[in-house]
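Coordinates in review
Below, each chain spelled out in residue letters.
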Amino acid sequence: MNERRKLVWLLADGLRDDSARQYMGYLAALLEQGRAVASTLRSELPSLSRPLYATLIQGQIPLVHGILSNQQAGRRLERTVFDALDGSGRTACMAAYHWFFELLSGRTFDPLTDRAARPAPASVQAARWYWEDDYPDSHLFADADELLRQHAPDLLFLHPMGPDHAGHVHGADTAGYALAARRLDHLLSLWLPRWQAAGYELLLCSDHGMNSDRMHGGPLDVERLVPLLWVPLPSEEALTPPGWPQSQPEVPRFVLNRLGLGD
């Protein structure tokens, strides 16, 4: 069994790999100074959000797990990272879009009653869900930090929508999309040092990219190439960690390895 650690897992929705490298200066500084490790992943297909949410938290491609459309609500996804934490003594908190609630609970989200509802996996101690795509990333980071301070989970899952929303409104290769990436980078520069001081590593990934037609879902590189970045504690050397994912289905196993539950 691997050493038990604490992890902030940030899924930046709709963040293209090239945009992360071109516009996120704080992350670039970490890489330049040897304080982070980064690579590029090619998303699975279809390059849509809900199918790739399922892949990233469970480890199967969409054609296998069966979530193939953004409109497939009300089905409980089995054998996720959060299910694997059950019975291990590890805990999780989630600040994420309501589709994650639906994947983990098997029922349609109701904003009138489910804003802070816990999904099925017992490991999820507390959650904050949002349902408007323009919910500010700054508010979501504050939601996540509140969960971290109140519950000190082993795993904090954080899912900002800013780049994806900007891409759907403005299209990729626009000032609006670039600004969303820059804003996310700024938020990380404010919150990551705080989380590192509390003993948390960071894993940043994305589900899909974005095209200039304000959409994604297909096989083009602009819709599939996404960043993967790991930031260890400041006291540790940023070497490529064991089990570094080479594909999206390998991400869940890496997360469990960092939490001390790997092979």
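Going by the structure above, here's the rest.
Residues numbered from 1 in each chain as written. Predicted model: local features only at pLDDT ≥ 70, side-chain atom pairs only at ≥ 80, totals over all residues. Heavy atoms only, no water.

Moving on: the pairing of strand S6 (residues 200–205). Two faces make up the sheet, and in a regular strand the side chains alternate between them. Counting buried residues along S6, six of its six residues qualify, which places the element largely inside the surrounding structure. On S6, burial covers both faces: Tyr200, Leu202 and Leu204 on one face and Glu201, Leu203 and Cys205 on the other are all buried. Alignment of strand S1 (residues 6–11) against S6, held across six bridges, turns out to be parallel. Residue pairing for S6: leucine 10 is matched across the bridge by leucine 204. (Buried < 20%, exposed > 50% of the residue type's maximum accessible area, 1.4 Å probe, protein only. Helix = DSSP H or I, 4+ residues; strand = E, 2+ residues; numbered from the N terminus. Pairing = 2+ DSSP bridges.)

Moving on, we come to the pairing of strand S2 (residues 37–42). Because side chains alternate across S2, one face comprises the buried residues Val37, Ser39 and Leu41, and the other comprises Ala38, Thr40 and Arg42, none of which is buried. Where S2 lies against strand S7 (residues 225–231), six bridges are found, and the strand directions are antiparallel. Residue pairing across strands places leucine 41 opposite valine 226, the latter belonging to S7.

We now examine the side chain of glutamate 223. Along the chain, glutamate 223 falls in helix H10 (residues 221–224). Beyond its immediate sequence surroundings of up to four residues, glutamate 223 is in contact with Ser43, Ser47, His208, Gly209, Met210, Asn211, Met215, His216, Gly217 and Gly218. (Contact = heavy atoms within 4.5 Å.)

By the secondary structure assignment, serine 123 is in the loop between helix H6 (98–105) and strand S4 (124–130). Each residue touching serine 123, except ones within four places of it in the same chain, is listed here: Phe82, Leu85, Asp86, Arg90, Thr91 and Ala92.

Our focus in this paragraph is the sheet that holds strand S3 (residues 92–97). Hydrogen bonds along the backbone pair up the strands of a sheet, which may run parallel or antiparallel. The mixed open sheet is built from seven strands, whose spatial order is S2-S7-S6-S1-S5-S3-S4. Edge positions in the sheet fall to S2 and S4, since each has one partner strand and no second. Looking at each pair of strands side by side, their axes are set apart by 15° on average, direction ignored. Against the sheet, helix H3 (residues 49–58) touches S1, S3 and S6, its axis set at about 165° to S1. (Axes fitted to C-alpha atoms, helices over the stretch in contact; angles between N-to-C directions.)

Counted by the stated rule, this structure contains 14 aromatic pairs. Ring centres of tyrosine 53 and phenylalanine 100 lie 4.4 Å apart, and the angle between their planes is 20°; on these two criteria the pair is classed as stacked. Of this pair, tyrosine 53 sits in helix H3 while phenylalanine 100 sits in helix H6, and the two are 47 residues apart along the sequence. With a relative accessible area of 0%, phenylalanine 100 lands in the buried category. Consider the rings of phenylalanine 101 and tryptophan 129, whose centres lie 5.7 Å apart with planes at 65°: the pair is edge-to-face. Taken together, the residues span a long stretch of sequence, with phenylalanine 101 in helix H6 and tryptophan 129 in strand S4 at a distance of 28 residues. Exposure class is identical for phenylalanine 101 and tryptophan 129. Each is buried. (Phe/Tyr/Trp six-rings, centres within 6.5 Å; stacked < 30°, edge-to-face > 60°.)

Attention now moves to a nonpolar patch on the surface. Where nonpolar side chains cluster on the molecular surface, the patch consists of Ile61, Leu63, Val64 and Leu68 and spans about 370 Å² of accessible area. Position of valine 64 among the secondary structure elements: in helix H4 (residues 62–65). (Patch = residues over 30% accessible without salt bridge, like charges linked within 9 Å, V, L, I, M, F, W, Y side chains within 5 Å. Areas by Shrake-Rupley, 256 points an atom, 1.4 Å probe, with all protein chains shown as cover. Salt bridge = Lys/Arg side-chain N within 4 Å of Asp/Glu carboxyl O.)

This brings us to the packing of helix H8 (residues 162–170) against helix H9 (residues 175–197). Closest axis-to-axis distance for the H8/H9 pair is 8 Å, and the angle between their directions is 170°. As far as their axial angle goes, H9 and H8 are roughly antiparallel. The segment H8 lies against H9, with Gly162, Pro163, Ala166, Gly167 and His170 engaging Gly176, Tyr177, Ala180 and Leu184. Grouping the constituent residues of the contact of H8 with H9 by class yields five nonpolar, four polar and no charged. (Parallel < 35°, antiparallel > 145°, perpendicular 65-115°, else oblique. Nonpolar A, V, L, I, M, F, W, Y, C, P; charged D, E, K, R; others polar.)

Another point: the pattern of salt bridges. Under the criterion given, the structure shown has 14 salt bridges. Glutamate 201 is the salt-bridge partner of arginine 5, the closest N and O atoms lying 2.8 Å from each other. Of this pair, arginine 5 sits in the segment before S1 while glutamate 201 sits in strand S6, placing them 196 residues apart in sequence. Summarising the burial analysis for this pair, arginine 5 and glutamate 201 share the class buried. The residue aspartate 83 makes a salt bridge to arginine 76 at a minimum N-O spacing of 2.7 Å. Its relative accessible area of 19% is what places aspartate 83 among the buried residues. The network of salt bridges with common partners includes Arg5, Glu201, Glu236 and Arg258.

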